[in-house]
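Working through the structure, step by step
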Amino acid sequence: MTQQTPASPDNRFAAIAPLLEGQAIELPSWAFGNSGTRFKVFGSPGTPRSVQEKIADAATVHRFTGLAPSVALHIPWDLTDDWVALRAHAEEHGVALGTINSNTFQDDDYKLGALTHTDAKVRQKAIDHHFECIDVMDATGSRDLKIWLAEGSNYPGQADLRGRQDRLAESLATIYDRIGAEQRLGLEYKFFEPAFYHTDVPDWGTSYAQVAALGERAVVCLDTGHHAPGTNIEFIVMQLLRLGKLGSFDFNSRFYADDDLIVGSADPFQLFRILFEVIRGGGYGPANPDGHSDVAFMLDQCHNIEEKIPGQIRSVLNVQEMTARALLVDREALRAAQEAGDVLGAHEVFMDAFSTDVRPDLAAWREERGLPANPMRAYAESGHQQQIESSRVGGTQLSWN
């Protein structure tokens, strides 16, 4: 292993260090289960066999990084008979239960749509499922209900495009009317898959149009893997923040489509650009004058071939590192260069921050807070992976399918 160089003597990191306090990146429960491709789901030793073990693994990530204080659940993947007990289990492990994700894409009745289906009975079944999710939110103390819809059509003429939007609006309004005064509805978008001719919520504009009609507690969820190659995601971030409708992120990385790889692995510069716009637009809590923001950071990844806990540790560290670099942008110098029309000067200011190696400073920052300087190494040396592999024998490993 290569040794890290000592922390830089300049005070640029010291100036932004307080803004890293309280950064929270929510983990997805399903990232700790077995996953794979359309062709194969791969098993691995130590995979959780219950939602309680998923939560324990998420808590392990938080213990090594201090960055992941909550875990998102997926219904029905994470169903349990006693939500109050599950909430207490999470709290005993030092984490909270976060976003509740609905699932209307694994039931035969939803083959031709759920909230958009032409059959009112099918639509009501999907609405009732979301009511169940809201009941879970009430029991767990969760704030956000996140909806992703695998709905659309494969062939021209197969569906009435406008009719489906109208039915979607009606269904969402019914669900929105049920959420509590302190709860939010987040509508995620994805430009294709599993429908290939058209998708009912394919882009940020459609999601925005639907949630804007619902009310102020309806927001857009932006999954960084749900865009066509070449899409300027940071422009979308800017627009949604400008419009006051960016509610949350699902962070992951992709080379082609919805790859769900470790965030920042395919294009770290893109993650840096996104986080810069988040900070500049007031979407990063600790950087705001009031110390908080309503924009939630969450991971949505599947670790197909790598170990789950280290994969999540690596992911949250990548987000923290690019957040630190984005905070280092000299915004006064950048603004001056932009207003002066200094094209290369502005670009240099931007790239100077991206090129800064903040890893030694972050290592020192962690040690000051009683955290491992190198969480990846600390976990590998802790023996925890070997312990869960030897103890989790028997039972049925959890998986998204």
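Look up: the structure comes first, before these words.
What the protein contains, in helices and strands, is 14 helices and 12 strands. Here the C-alpha atoms of the protein give a radius of gyration of 21 Å, agreeing with the 21 Å that 2.2 N^0.38 yields for 401 residues. Projecting the C-alpha coordinates of the protein onto the three principal axes gives extents of approximately 65 × 60 × 40 Å. Out of the 401 residues in the protein, the part that is buried amounts to 53%.

A few words now on the sheet that holds strand β10 (residues 218-223). An order of β1-β4-β5-β6-β8-β10-β11-β12 is seen for the eight strands of this closed barrel, with the pairing classed as parallel. Going from strand to strand, the sheet's axes swing by 30° on average, the running direction of each strand aside. Of the strand pairs in this sheet, strand β8 (residues 184-188) and β10 are connected by four bridges, and their pairing is parallel. Following the sheet pairing, L187 is matched in β10 by V220. Against the sheet, helix α5 (residues 161-176) contacts β6 (144-147), β8 and β10, and its axis sits at roughly 150° relative to β8.

Looking now at the environment of A209. Along the polypeptide, A209 turns up in helix α6 (residues 204-214). For the pair A209 and D223, spaced 14 residues apart in sequence, the C-alpha to C-alpha distance is 17 Å.

Below, the discussion takes up the pattern of salt bridges. With the rule as written, the count across this model stands at 21 salt bridges. One salt bridge in this structure joins D109 and K125, with 2.7 Å as the shortest N-O distance. Note that D109 is positioned in the loop between β5 (96-101) and α4 (120-140) and K125 in helix α4, a separation of 16 residues in sequence. Classification of D109 as partly exposed rests on a relative accessible area of 37%.

By the element assignment, R254 lies in the loop between β11 (246-251) and α8 (268-280). Look at R254: it is buried, it has no salt bridge, and the nearest opposite charge is D259 at 6.4 Å. Side-chain polar atoms of R254 contact the backbone oxygen of H227, separated by 3.3 Å. Look past the residues within four positions of R254 in its chain and what remains in contact with it is G225, H227, A228, P229, G230, D259 and A266.

Right, let's talk about the pairing of strand β4 (residues 70-74) for a bit. Along a regular strand, successive side chains alternate from one face of the sheet to the other. Burial runs high along β4: five of the five residues are buried. What you see with β4 is no split at all: S70, A72 and H74 on one side and V71 and L73 on the other are buried throughout. Across two bridges, strand β1 (residues 25-28) lies against β4 in parallel orientation. Across the sheet, the residue bridging to L27 is V71, located in β4. The pairing of β4 with β5 spans four bridges and is classified as parallel. Following the sheet pairing, V71 is matched in β5 by L97. Running through helix α3 (residues 83-92), the crossover from β4 to the neighbouring parallel element β5 is right-handed.

Of the consecutive residues I75 and P76, the connecting peptide bond is found in the cis state with omega at 20°. Along the chain, P76 turns up in the loop between β4 and α3. Going from E193 to P194, the amide bond is cis rather than trans, its omega being 5°. Mapped onto the secondary structure, P194 falls in the loop between β8 and β9 (198-199). Despite not being glycine, E193 shows a phi value in the positive range, around 75°.

So, how was this worked out
The written sequence of each chain sets the order in which its residues are numbered from 1. This being a predicted model, a pLDDT of at least 70 is required before a residue's local features are given, and a value of 80 or more before pairs of side-chain atoms are given or counted; all residues contribute to the totals for chains, interfaces and linings. Excluding hydrogens and water, the side-chain values take into account all heavy atoms of the structure. Strands here are runs of E lasting at least two residues and helices are runs of H or I lasting at least four, both read from the DSSP assignment and numbered beginning at the N terminus. In this description the radius of gyration comes from C-alpha coordinates, and the expected globular size is given by 2.2 Å times residues to the power 0.38. Only protein chains enter the area calculation, which uses a 1.4 Å probe; residues under 20% of their type maximum are buried, those over 50% are exposed, and those in between are partly exposed. Pairing between strands is defined by DSSP: at least two bridges between them are needed. In this analysis an axis means a line fitted to C-alpha atoms, helices contributing only their contacting stretch, and an angle means the value between N-to-C directions, from 0 to 180 degrees. Note on definitions: a residue-residue contact is assigned when non-hydrogen atoms from the two residues lie within 4.5 Å. The term salt bridge refers to a side-chain nitrogen of Lys or Arg lying within 4 Å of a carboxyl oxygen of Asp or Glu. Counting rule applied: Lys, Arg positive; Asp, Glu negative; His and chain ends not counted. Counting of polar contacts relies on pairs of N or O atoms within 3.5 Å, with two restrictions inside protein: one atom must be capable of donating a hydrogen and the other of accepting it, and residues adjacent in sequence are counted only when both atoms are side-chain atoms. We call a crossover right-handed when, viewed with both strands directed away from the observer, the connection leading from the first strand over the helix to the second proceeds clockwise.

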